[in-house]
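# Examining the three-dimensional arrangement
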Amino acid sequence: MLKRYLLAPGPTPVPPEVLLAMAKPIIHHRAPEFAQIFGEVREDLKWLFQTTNDVLIFASSGTGGMEGAVSNFLSPGDKALVVNGGKFGERWGKLCKTFGVQVIELKVEWGHAVNPQAVADALKKDPSIKAVFVQASETSTGVAHPTKALAEIVKLHDGTILVVDAITALGVFDIQTDAWGIDVVITGSQKALMLPPGLAFVSVSEKAWQMADKTKNAAFYFNFKKERESQVKNQTAYTPAVSMILGLQEVLRMLKAEGLENVFLRQTRLAHAMREGAKAAGLSLFPKESPSDALTAICSPDGVDGQAIYKNLRVQYGMTAAGGQDHLKGKIFRLSHMGYMDSFDVITALAAVEMVLKGLGHSVKLGSGVAKAQELLMA
Ligand SMILES: *Cc1c(COP(=O)(O)O)cnc(C)c1O
């Protein structure tokens with residue numbers, strides 16, 4: 001038997017309470033019982049998103065929410081500023097092009113966070129830009145972009161909205177949708193929300209809804225206005241992922257019981273222990289600045305193939321991490337600590353990494369990273 005440990009930055013482990021909730025018999029989505037549950041999760045999502053705006057729920061992976069955030073607010077020929085500092089930033093560009101949106105790309109070197117001044121300058125240079133697309137946490141590099149500073153800049157432009165992919169940020173660190181003035185915030189179920197893959201969530205500000213009134217792009221399933229008409233009545237336009245909604249209800253109850261502040265504190269503590277543990281094991285971190293608390297991207301040591309680390313973790317020790325993407329393939333590996341995670345997940349991950357590195361012939365002192373994490377995580 002090989003016990004499995006899921007430490008990839010999505011999908012992430014699902015708590016047993018949530019698995020049990022999802023195993024309940026299916027209820028009909030037009031029955032009052034469902035409407036009552038849907039009403040509860042809609043309210044709790046507003047709490048999680050720190051907004052009074054409606055948070056729409058779709059049966060799709062996170063990318064479905066991203067797609068809708070392009071097609072519902074922008075028309076063919078409109079201009080968008082896309083912050084591209086990794087694989088997911090790149091995805092914003094591809095989505096915009098799919099819907100005929102002109103992309104002005106703000107390239108950010110992988111491992112770095114966007115400089116807010118560069119966004120301010122781009123908007124000043126071309127005030128016809130209708131939207132700024134960014135990741136709060138760029139999962140391919142493990143870097144967090146400065147969402148709050150970007151919101152302060154975009155807020156000054158009446159005709160521009162800020163769209164934030166917060167798929168590995170919401171529920172990990174503070175994203176104050178209303179207080180900071182973020183127009184559109186997107187997340188998915190299988191990252192910090194501790195659910196299986198299959199749900200996308202999108203909050204929409206009044207400014208963005210007004211833009212949606214003017215858009216000429218086509219959307220059918222991801223038609224936000226149509227979906228809102230149903231969801232404010234605690235219904236969905238089409239059949240919802242009923243079991244996932246039951247799981248979501250449980251997740252939101254768990255998060256509320258812990259409290260948002262405590263969730264962020266736990267995530268910060270784990271991220272700090274993972275980073276310091278990796279460093280104590282002689283490893284260096286890939287982010288050059290502003291590491292995301294959702295996951296840690298670690299450079300493979302000289303002479304060790306990052307893909308081999310990732311593969312041996314899985315094959316020898318049952319631990320699923322993630323490798324690097326594109327030009328980072330073989331150069332980094334990534335370990336998640338978002339969602340249903342606690343001290344011993346970080347300690348276990350560091351222990352396995354040390355064992356794999358030693359097994360690959362790299363000189364590492366067993367227990368060096370583990371000891372550092374233990375020190376930092378002691379009660
Ligand atoms: C996981 C992820 C997504 C969405 O990916 P899906 O596979 O469509 O769920 C988007 N952005 C970021 C930053 C992610 O980490």
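## Some remarks on the pairing of strand β4 (residues 102-107)
Examined bridge by bridge, strand β3 (residues 79-84) and β4 share six bridges and lie parallel to one another. Along β4, the bridge assignment pairs N84 with K107. One crossover worth recording links β3 to the parallel β4 by way of helix α4 (residues 87-98), and it is right-handed.

## As for the pattern of salt bridges
Oppositely charged side chains may form a pair once their charged atoms are brought near each other. Within the structure shown, the criterion is met by 15 salt bridges. The salt bridge partner of D78 is K130, with a shortest N-O separation of 3.0 Å. Taken as a pair, D78 in the loop between α3 (62-71) and β3 and K130 in strand β5 (residues 129-135) lie far apart in primary sequence, 52 residues in all. In this structure, E258 engages R266 in a salt bridge whose closest nitrogen and oxygen atoms are separated by 2.7 Å.

## Considerations on α4
For an α-helix the count is 3.6 residues per turn, leaving residues at separations of three or four pointing the same way. For α4, built from 12 residues, the straight-helix expectation of 16 Å at 1.5 Å per residue is met to within 8% by its first-to-last C-alpha distance of 17 Å. Within α4, the full set of buried residues consists of F88, G89, W92, G93, L95 and C96. Projected down its long axis, α4 shows its buried positions confined to an angular sector of 165°, all on one face. Away from its buried face, by an angle of more than 90 degrees, α4 presents the exposed residues K94, K97 and T98. Positioned one or two residues after α4, G100 has a phi angle of 70°, which is positive.

What counts and what doesn't
Residues numbered from 1 in each chain as written. Predicted model: local features only at pLDDT ≥ 70, side-chain atom pairs only at ≥ 80, totals over all residues. Heavy atoms only, no water. Pairing = 2+ DSSP bridges. Helix = DSSP H or I, 4+ residues; strand = E, 2+ residues; numbered from the N terminus. Right-handed = clockwise from strand over helix to strand, strands pointing away. Salt bridge = Lys/Arg side-chain N within 4 Å of Asp/Glu carboxyl O. Expected span 1.5 Å × (residues − 1). Buried < 20%, exposed > 50% of the residue type's maximum accessible area, 1.4 Å probe, protein only. Arc of directions from axis to C-beta.

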